[in-house]
Amino acid sequence: MSATAPQSFHPPAPPRSEKPLGKIEFIRRVWKNQITTWTQKSFEESVYRIDGLMGKATVAHDTALVKHVLVDNFANYPKDRVQRKVLKPGLGDGLLTAEGEVWKMERRVIAPLFRPKLVDDFMPAIIESSRWLVDRWRAAGADSPVDISAEMSRVTLEVLQRSIFQAGLKRDTGELAGAMSRYFEAVGQLHPFDVIGLPDWLPRFGKPDVSRELRFFNEAIRDIMSERRAAIASGDAGDARDLLSLLLTTRDPQTGELLNDTLVRDNVLTFIAAGHETTSGSLTWAMFLLSQFPDWRREVEEEVDTALDAGAIAIGAKAEDPFAGFAAPGVFDKLVKTRATLEEAMRLYPPGALLLRQAIADDACGEYKLRAGELVVIAPWVLHRHKLLWDRPDEFVPRRFMPGEREKVDRFSYLPFGAGPRVCVGSGFAMREAITILAAIARTFRCDLKAGYPVEPVLRITLRPGGGLPMRLTPRSG
Ligand code: HEM
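Because the structure is predicted, anything quoted here is derived from the model rather than measured.

*Asks:* Outline the site of the ligand, supporting the account with residue identities and numerical values.
*Replies:* What surrounds the ligand is a group of 27 residues, the closest being W103, R107, R357, R422 and C424. Here an oxygen atom of the ligand sits 2.8 Å away from a polar atom, N or O, in the side chain of W103. Here an oxygen atom of the ligand and a side-chain polar atom of R422 are 2.8 Å apart. Going through the elements one at a time, α4 (100-110), α12 (261-292), β4 (355-358) and α17 (427-444) are the ones with two or more residues in the shell around the ligand. Looking at side-chain class alone, the shell around the ligand contains 16 nonpolar, seven polar and four charged residues.

*Asks:* With reference to specific residues and values, describe the coordination of the iron atom of the ligand.
*Replies:* From the protein, the iron atom of the ligand takes a single donor atom, C424 (SG), 2.3 Å away. By the secondary structure assignment, C424 is in the loop between α16 (380-383) and α17.

*Asks:* Which residues make up empty space enclosed by the protein, and what are the values?
*Replies:* The full count for this structure, using the stated rule, is three cavities of 30 Å³ or more. There is about 100 Å³ of room inside the largest cavity. M287, L290, R297, V300, E301, L438, I441, A442, F445, R446 and C447 are the residues that line the largest cavity. Of all the secondary structure elements, the ones that give two or more residues to the lining of the largest cavity are α12, α13 (294-314), α17 and β8 (445-449).

*Asks:* If you had to explain the side chain of D252 to someone new, which residues and values would you point to?
*Replies:* With respect to the secondary-structure elements, D252 resides in the loop between α11 (243-249) and α12. A distance of 2.8 Å separates the side chain of D252 from the backbone nitrogen of Q254, its partner in a polar contact. A polar contact is formed between the side chain of D252 and the side chain of T255, at a distance of 3.1 Å. Residues within four places of D252 in sequence aside, it is in contact with M105, R108, V109 and E257.

*Asks:* Break down the environment of A286 for me, with residues and values.
*Replies:* Here A286 lies in helix α12. Classification of A286 by relative accessible area gives buried; the value is 0%. It is 21 Å that separates the C-alpha atoms of A286 and A177, two residues lying 109 residues apart in sequence. Ignoring sequence-local partners within four residues, the contact set of A286 consists of T341, L342, A345 and L438.

*Asks:* So what about the environment of L438? Which residues, and what values?
*Replies:* Along the chain, L438 turns up in helix α17. Linking L438 and L283, residues 155 residues apart in sequence, is a C-alpha distance of 6.9 Å. Those residues within four positions of L438 in sequence are excluded, and the remaining contacts are L283, A286, M287, L290, T338, T341 and L342.

*Asks:* So what's going on with the packing of helix α6 (residues 123-140) against helix α7 (residues 148-164)? Which residues, and what values?
*Replies:* Following both chains from N to C, one finds α6 and α7 inclined at 145 degrees, their axes separated by 9 Å at the closest point. Between α6 and α7 the crossing geometry is right-handed. From α6, A125, I126, E128, S129, S130, W132, L133, R136 and W137 reach across to α7, where they touch I148, E151, M152, R154, V155, E158, V159, R162 and S163. For the contact of α6 with α7, a count of residues per class yields nine nonpolar, three polar and six charged.

*Asks:* Give me the sheet that holds β8: which residues, what numbers.
*Replies:* Pairing is antiparallel in the open sheet, where three strands are placed in the order β3-β11-β8. Whereas interior strands pair on both sides, the edge strands pair on one side only; in this sheet they are β3 (145-147) and β8. Within this sheet the neighbouring strands show an average axis-to-axis angle of 40 degrees, counted without direction. Two elements, β3 and strand β11 (residues 470-475), share three bridges in a ladder whose sense is antiparallel. Bridging across to β11, P145 finds its partner in R472. α12 contacts β8 and β11 of the sheet and is inclined by roughly 85 degrees relative to β8.

*Asks:* Tell me about the sheet that holds strand β1 (residues 47-52), residues and numbers included.
*Replies:* Reading across the sheet, the four strands line up as β1-β2-β7-β4 and stay open at both edges, with mixed pairing between neighbours. Taken across any chain shown, the strands that pair with only one partner, and hence form the sheet edges, are β1 and β4. Along the sheet, successive strands turn relative to each other by an average axial angle of 25 degrees, direction set aside. The pairing of β1 with strand β2 (residues 55-60) spans six bridges and is antiparallel. By the bridge assignment for β2, I50 is matched with A57. Contacting β1, β2, β4 and β7 (375-378), helix α2 (residues 63-72) runs over the sheet at an angle of about 120 degrees to β7.

*Asks:* Summarise unusual backbone geometry; cite the residues concerned and give the values.
*Replies:* Positive phi, normally seen in glycine, also occurs at R392, with a value near 45 degrees. For R392, a relative accessible area of 40% gives the class partly exposed.

Rules used throughout
- Residues numbered from 1 in each chain as written.
- Predicted model: local features only at pLDDT ≥ 70, side-chain atom pairs only at ≥ 80, totals over all residues.
- Heavy atoms only, no water.
- Near = heavy atom within 4 Å.
- Polar contact = N/O pair within 3.5 Å; in protein donor to acceptor, adjacent residues only side chain to side chain.
- Helix = DSSP H or I, 4+ residues; strand = E, 2+ residues; numbered from the N terminus.
- Nonpolar A, V, L, I, M, F, W, Y, C, P; charged D, E, K, R; others polar.
- Donors = N, O, S within 2.8 Å, 3.2 Å for Na, K, Ca; no water.
- 1 Å grid on protein atoms, 1.4 Å probe; cavity = no way out; pocket = protein on both sides within 12 Å on 5 of 7 lines; lining within 4 Å.
- Points joined across faces, edges and corners; volume = space filled by probe spheres on them.
- Contact = heavy atoms within 4.5 Å.
- Buried < 20%, exposed > 50% of the residue type's maximum accessible area, 1.4 Å probe, protein only.
- Axes fitted to C-alpha atoms, helices over the stretch in contact; angles between N-to-C directions.
- Left-handed = near helix turned anticlockwise from the far one by under 90°.
- Pairing = 2+ DSSP bridges.

Put into structure tokens, the structure is as follows:
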């Protein structure tokens, strides 16, 4: 696709089968790329039942039913067996994987750590990481091709490291990034035996072993955690206000208890796992879409230049620092096109493309009956492109997220961060981070897709371009 793509260009998506898939074909597609399992019917019907390899399921893309499952009667719909099985060995009882009383207690402790005031405190980490990225690109030389998907992974990991461990993780960032991506690649590839519920003692042939990666994470986190606990106990933790210190010192407002070491470790890894590939995926797709819509990209660049220049003047900052304006009050309220680009990118390519729940008891929502034990499948990948919910569902239309239009989007037709009590706890942090990084890039570089490169979305826990996203970088002179 050339840089002057016509406005009718449809961002890439796998072809949809008109007919239901046979069992073998379904397993093959789950293993290769889970989003290729959706048939045309899914994008046209609101609710339907299936009786497949994972048992009976209701596919729910009616907004009233989505609200019922995720909000109104959420206690009846915990996360499903397969999801817990895949994530629990790594993330233990972290907030993403815990259920019941443990989850409630963790949510009470952790949600306040992401309130807007504390997200503001992480701005220096986000700006410095953005600077680190563009400095690396400058050093690499003009017109050098880079894999934007890998670059976004690096920069978002950098942000997380600086936010969770202010004093560094004492491990090589490249080693951590490599371990993370191997871990995700392995857990994200759903093994057919897990899909059909075969017992754990049966070997999962073909599935990479990630025990070495898990050992690496555990040791790295254990070392830094015990050091920090000791520093806090001796009053020597300085002014560390990072997420690790907050996790170690914040008490449950109901019981006054602190999280134990195991839960602190589980949540550190959860923040990295839940906050890394998701944010980098949304940025990667936003960069891809900007490269395909040069007129819109120009508007975004103008918006960023104007907002950051005005911000720098307002705070009397040095003109030569392109990012100084980020520190000005109200600058993020002006980056509405940058935000709309990310929101539209997450509509077309939701990083969390599948939300799965399992009903505990029989239940009903209007005409829909749900039975105990059945799966409820809510797929943002489908919901966000559903014919009954969206105008021009498969096209890039960022203006639908501009002020004045954004308010018309039904809350339950757009779920990049989920909804209800289990809504993403890091959404405010993620949006601030992604807007800053996208604006920092738009301010300094123009990125164009390698000519003729076939872009294909692949779902492995998060949705990424399969094979990466090679782009040519051109420094902007402004
Ligand atoms: C663009 C970036 C992000 C996206 C698209 C995203 C998406 C989501 C979604 C869809 C859920 C709900 C899953 C479900 O209901 O089954 C979720 C939950 C969660 N996210 Fe995010 N997330 C992002 C960034 C982050 C960040 C930066 C963090 C932390 C640093 C984070 C931490 C969590 C946690 C801990 C949960 C579990 C909450 C709970 O169950 O109480 N996420 N996220």
